[in-house]
Amino acid sequence: MTNYDEIDFSPIMALTEGEVVTHSPVRDVRLASGKVLALITLDNGRDHTRPNTLGPATLTELGETLAGLKDRAASGEIQAVGITGKQYILAAGADLSDISRVGSKDNARLIAQLGHKVLGSLSDLGVPSFAFVNGLALGGGMEIALNSGYRTVDASAAALALPEVFLGIIPGWGGAYLLPNLIGIENALEVVISNPLKQNRMLKPQQAFDLGIMDAIFPAANFLEDSLRWADAVLGGKKVERKNEPGKIERLTKWPIAIKMARGMLESKIGTVPKSPYAALELLDKAKSGTRAEGFAREDEALAELVTGDQFAASMYAFDLVQKRAKRPVGAPDRELAKKVTKVGIIGAGLMASQFALLFVRKLQVPVLITDLDQARVDKGVAYIHEEIGKLEAKGRLDGDSANKLRALVTGTTDKSLYADCDFVIEAVFEEVGVKQQVFGEIEKIVAEDAILATNTSSLSVEEIGAKLAHPERLVGFHFFNPVAVMPLIEIVKTPATTDAALSTAFVVAKGLGKNAVLTADAPGFVVNRLLAKVMGEAARAVYEGTPVADVEKAFGPLGLPMGPFQLIDLVGWKVAAHVQDTMVHAFPDRFYANENFHELADLPQVVEKDKGGRVTGFAKDAEKLVKKAAGSTPTPAAEILRRVQDGLAQEIKLMLDEGVVPEVQDIDLCLILGAGWPFIDGGASPYLDREGASERVFGGMFHTPQIVGIANS
């Protein structure tokens, strides 16, 4: 077994340069019973926008604090230890910038071991320990709580999670062993693996309490007082029920079945390329037996292995893009230039337009007007919006007054003159230049001269859409991704005529909607659809050469996309996909593939068959007949299909950078991560293409110098 007290941690203390240290001051609290609880309050001295983090210097100080409290407990000065955080924050976990600079596998192991030594000592103080989770607790923050004997949570805490798998690592300070032994294997699988893979889903305090992670939940108003009173009762003999704690039968029967099912789910959903989910699965499996010390030692090795790998390096690159670059969009004009938006107009009342309306009214809380060709369509759109607001109310996400206020803000009409006082008008009509030109031509005559016009086109030229406007300078591309409420990206498209005021307004509106915006030039497909069209086109090419569709889906597995190309086409719609392919082939006939047969497929009610996991297994009968009519009979090997798509993507990204579609390759990766769900473990497309040799093959260079690879390969 590892004796953490005998380990020399000095090699990682070099990483403390620049660390914002989270201090661990202690005060004694005399409880009503007369017992004394020593309360640690983690605090880095910054406001709540800079969460407490756990770097080597922080952990070392906390370890010294806990060692001192252990001595005080032994001498009878204190009867309990509590740990909480500064306002709204317990801790946001390990300082990831420290971890990404470890320099060697040995140092990575030391980071894991230092965490285990310090946090593990919370359960070895000689007196009961309590975590009072007063706010945000992620990763190592959650593991502080798990290593404590008892846990309470503030009902208003922002989020609780073990998000490590999302970042290409595992909960490495006790989480992978302690959590399943606290709440059972099925619940632990959800928290450690499923939630991180669902766009890094977090737990609300009530969910954490219901799962049994937290022993008690109290309102924010008197959280600490209530927690201390509860702790006093526990010290006085109050029994703490833990209904999800696994017993012998679960360990013998349910545990192996749950692990087997989870493995099958992972293989069907994400393939076998991502390493961290499988490493976490292995740790959770082994947590069913053996000692805590053995569990911690396994975590030390797993974390050291993953932290030094390529997937973690790419994840850190992606994390930095999403946390920093996405929040300060490159090329966004001064926000002071933005027009104040007090009313929004949406042209159209179909599903996409209705989703826009719901998002605008919820986030901006201003009047939203929708119109369409006839009243029946308008009424259907308004009814959909009201119904969705009702669902939010039923789930408790809106109170009755707020729901009624939002409903009252949404109006629908066929009378376009009511657009007159709209500051921002966006269209969601058929994807055809002529149709969009026509509706904007009508609206421009009605709205004020400084009203902003926005098009949601996915691949058409924004400049061409605005060609017939009297004031094309007010038109911007404002391209959402489906599903509108969920996908965090908006591509904001600038034409040569677009003013800074129009652009600034678009960026401010996007931020108000809770979206990340990336500025792109007016080029076919912009960023995401141009590259997805390359992926879908290469998939179609292979099928029409004679490769079975299921084999093509498998060939794309190493790309790491959240779904195969035909599964993606089926999601976005075959008509939409056919239209995008046509647009790209028209723009770049020598580089993109489309087949007329695609349009015939798009007219069928069902094109593909899928398994229970949603993966495409083949064409439906009628589609099979249609494809046979146009396809060759020579299947393409998987390696060749993959190489073609890798090289095609590398070529397209290089051309986009040369053409100035976006300022830097980081913006392309950011778009792919936020708009196409490209996994963090790839870092978007460019680090992956560098690692796979596609960049070198296509243009004899790299997108990143030095290459984004793990310590083990650098």
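Only a predicted model underlies this, so the values are computations on that prediction, with no experimental measurement involved.

Procedures and definitions
- Residues numbered from 1 in each chain as written.
- Predicted model: local features only at pLDDT ≥ 70, side-chain atom pairs only at ≥ 80, totals over all residues.
- Heavy atoms only, no water.
- Helix = DSSP H or I, 4+ residues; strand = E, 2+ residues; numbered from the N terminus.
- Rg over C-alpha atoms; globule rule 2.2 N^0.38 Å.
- Buried < 20%, exposed > 50% of the residue type's maximum accessible area, 1.4 Å probe, protein only.
- Contact = heavy atoms within 4.5 Å.
- Lys, Arg positive; Asp, Glu negative; His and termini not counted.
- Charge placed at Lys NZ, Arg CZ, Asp CG, Glu CD.
- Core = buried A, V, L, I, M, F, W, Y, C linked by side-chain atoms within 4.5 Å.
- Salt bridge = Lys/Arg side-chain N within 4 Å of Asp/Glu carboxyl O.
- 1 Å grid on protein atoms, 1.4 Å probe; cavity = no way out; pocket = protein on both sides within 12 Å on 5 of 7 lines; lining within 4 Å.
- Points joined across faces, edges and corners; volume = space filled by probe spheres on them.
- Nonpolar A, V, L, I, M, F, W, Y, C, P; charged D, E, K, R; others polar.
- Axes fitted to C-alpha atoms, helices over the stretch in contact; angles between N-to-C directions.
- Parallel < 35°, antiparallel > 145°, perpendicular 65-115°, else oblique.
- Pairing = 2+ DSSP bridges.
- Right-handed = clockwise from strand over helix to strand, strands pointing away.
- Patch = residues over 30% accessible without salt bridge, like charges linked within 9 Å, V, L, I, M, F, W, Y side chains within 5 Å.
- Areas by Shrake-Rupley, 256 points an atom, 1.4 Å probe, with all protein chains shown as cover.
- Phe/Tyr/Trp six-rings, centres within 6.5 Å; stacked < 30°, edge-to-face > 60°.
- Lys NZ or Arg CZ within 6 Å of the ring centre and 35° of its normal.
- Expected span 1.5 Å × (residues − 1).
- Polar contact = N/O pair within 3.5 Å; in protein donor to acceptor, adjacent residues only side chain to side chain.

(A) Representation of the overall build of the chain. Helix and strand content of the chain: 29 helices and 19 strands. Against the compact-globule benchmark of 27 Å for 714 residues, the chain has a radius of gyration of 28 Å, which places it among compact chains. In terms of overall dimensions, the chain has a C-alpha envelope of 85 × 60 × 50 Å along the principal axes. The buried share among the 714 residues of the chain stands at 55%. Put simply, of all contacts in the chain between residues at least 6 apart along the chain, 74% involve residues at least 24 apart. Here the chain carries 75 positive and 91 negative side-chain charges, and the mean point of each set is 4 Å from the other.

(B) A look at the nonpolar core. In terms of nonpolar packing, the biggest core is built from 156 residues, with Ile-213, Leu-559 and Trp-574 touching the most fellow members. Considering each element in turn, this core owes the most residues, ten residues, to helix H20 (residues 528-545). Grouped together as the second largest cluster of nonpolar side chains are 43 residues, Ala-349, Ala-403, Val-476 and Phe-480 included.

(C) View of the pattern of salt bridges. Throughout the structure, instances matching the rule amount to 40 salt bridges. Lys-339 is the salt-bridge partner of Asp-450, the closest N and O atoms lying 3.3 Å from each other. Taken together, the positions of Asp-450 in the loop between helix H17 (433-444) and strand S14 (452-455) and Lys-339 in the loop between helix H13 (310-323) and strand S10 (344-347) put the pair 111 residues apart, joining distant regions of the chain. On the basis of relative accessibility, which here comes to 45%, the residue Asp-450 falls in the partly exposed class. Lys-339 sits in the partly exposed class, given a relative accessible area of 23%. Among the salt bridges present, the one from Glu-444 reaches Arg-474, with a minimum N-O distance of 4.0 Å. With a gap of 30 residues between them, Glu-444 in helix H17 and Arg-474 in the loop between helix H18 (462-465) and strand S15 (475-479) connect regions that are remote in the sequence. Arg-474 matches Glu-444 in its accessibility class, with the two residues each being buried.

(D) Highlighting empty space enclosed by the protein. Under the criterion given, the structure shown has three cavities of 30 Å³ or more. Roughly 50 Å³ of internal volume is contained in the largest cavity. What lines the largest cavity is a set of twelve residues, and nearest its centre among them are Leu-54, Gly-55, Pro-56, Leu-59 and Ile-111. Looking at the lining of the largest cavity, its residues break down into nine nonpolar, one polar and two charged.

(E) Main features of the packing of helix H10 (residues 248-270) against helix H11 (residues 276-286). Here H10 crosses H11 at 175°, and the two axes come no closer than 10 Å. Comparing their axes, H11 and H10 come out roughly antiparallel. Only Pro-277, Tyr-278, Leu-281, Glu-282, Leu-284 and Asp-285 of H11 make contact with H10, whose side of the interface consists of Trp-255, Ile-259, Ala-262, Arg-263, Leu-266, Glu-267 and Ile-270. Across the contact of H10 with H11, the residue classes tally to nine nonpolar, no polar and four charged.

(F) Quick peek at the pairing of S10. The side-chain alternation of S10 yields two buried faces, one formed by Val-344 and Ile-346 and the other by Gly-345 and Ile-347. Direction of pairing for S10 relative to strand S11 (residues 368-371): parallel, over a ladder of four bridges. Across the sheet, residue Gly-345 finds its bridge partner in S11, namely Leu-369. A crossover connection joins S10 to the parallel S11 through helix H14 (residues 351-364); in handedness this β-α-β unit is right-handed. Where S10 lies against strand S13 (residues 424-427), four bridges are found, and the strand directions are parallel. The residue bridging Ile-346 from the neighbouring strand is Ile-426, located in S13.

(G) Spotlight on unusual backbone geometry. Cis geometry is adopted by the peptide bond preceding Pro-483, which originates at Asn-482 and carries an omega value of -5°. Residue position: Pro-483 is located in the loop between S15 and strand S16 (489-494). With a phi angle near 50°, Gln-199 is a residue other than glycine that sits in the positive phi range. Here Gln-199 lies in the loop between helix H7 (185-197) and helix H8 (205-211). A relative accessible area of 55% places Gln-199 in the exposed class. The backbone of Asn-200 shows a phi angle near 60°, a positive value even though the residue is not glycine. Relative to the helices and strands, Asn-200 is located in the loop between H7 and H8.

(H) Spotlight on a positive patch on the surface. The grouping of Lys-204, Lys-363, Lys-395 and Arg-397 at the surface amounts to a positive patch. One can find Lys-363 in helix H14.

(I) Quick look at the sheet that holds S13. Taken in spatial order, the eight strands make up an open sheet running S12-S11-S10-S13-S14-S15-S16-S17, and their pairing is mixed. Sheet topology places strand S12 (410-413) and strand S17 (516-521) at the edges, where each strand pairs with a single neighbour. Geometrically, the sheet is characterised by an average inter-axis angle of 25° between neighbouring strands, direction not taken into account. Each of S11 and S12 touches helix H16 (residues 400-409); the most contacted strand, S12, lies at about 25° to it.

(J) Region of interest: the packing of aromatic side chains. Tallying each qualifying case throughout the model produces 16 aromatic pairs. Seen in terms of ring centroids, Phe-566 and Phe-619 are 6.2 Å apart; in terms of plane orientation they differ by 75°. Their pairing is edge-to-face. You can see Phe-566 sitting in helix H22 (residues 565-572) and its partner Phe-619 sitting in strand S19 (residues 616-619), a full 53 residues away along the chain. Owing to a relative accessible area of 1%, Phe-566 belongs among the buried residues under this scheme. Over the ring of Phe-592 we find Lys-534, and its NZ or CZ is 4.8 Å from the ring centre.

(K) Region of interest: helix H26 (residues 638-659). Between its first and last C-alpha, H26 extends 31 Å over 22 residues, near the 32 Å set by a 1.5 Å rise per residue. Along H26, the residues classified as buried are Ile-641, Leu-642, Val-645, Gln-646, Asp-647, Gly-648, Leu-649, Ala-650, Glu-652, Ile-653 and Met-656. Where the residues of H26 are buried, they touch H20, helix H21 (549-555), helix H27 (665-676), helix H28 (686-691) and helix H29 (694-699). Positive backbone phi, at 75°, marks Gly-660, one or two positions downstream of H26.

(L) Highlighting the side chain of Thr-371. Counting through the fold element by element, Thr-371 comes out in strand S11. One polar contact links Thr-371 to Tyr-419, side chain to side chain, over a distance of 2.6 Å. Contact partners of Thr-371, with chain neighbours within four places excluded, come to Ile-346, Ile-347, Gly-348, Ala-349, Val-378, Thr-413 and Tyr-419.

(M) Fine view of the layout of surface pockets. For the second largest pocket, the calculated volume is near 450 Å³. Tyr-4, Asp-5, Lys-117, Val-118 and Ser-121 are, among the 21 residues lining the second largest pocket, the residues nearest its centre. Only helix H2 (56-74), helix H4 (105-120) and helix H12 (292-307) provide two or more residues apiece to the lining of the second largest pocket. With seven residues, the top contributor of residues to the lining of the second largest pocket is H2. Looking at the lining of the second largest pocket, its residues break down into eight nonpolar, seven polar and six charged.

(N) Main features of a nonpolar patch on the surface. The grouping of Leu-571, Val-572 and Val-576 at the surface amounts to a nonpolar patch, some 260 Å² of accessible area in total. By the element assignment, Leu-571 lies in helix H22.

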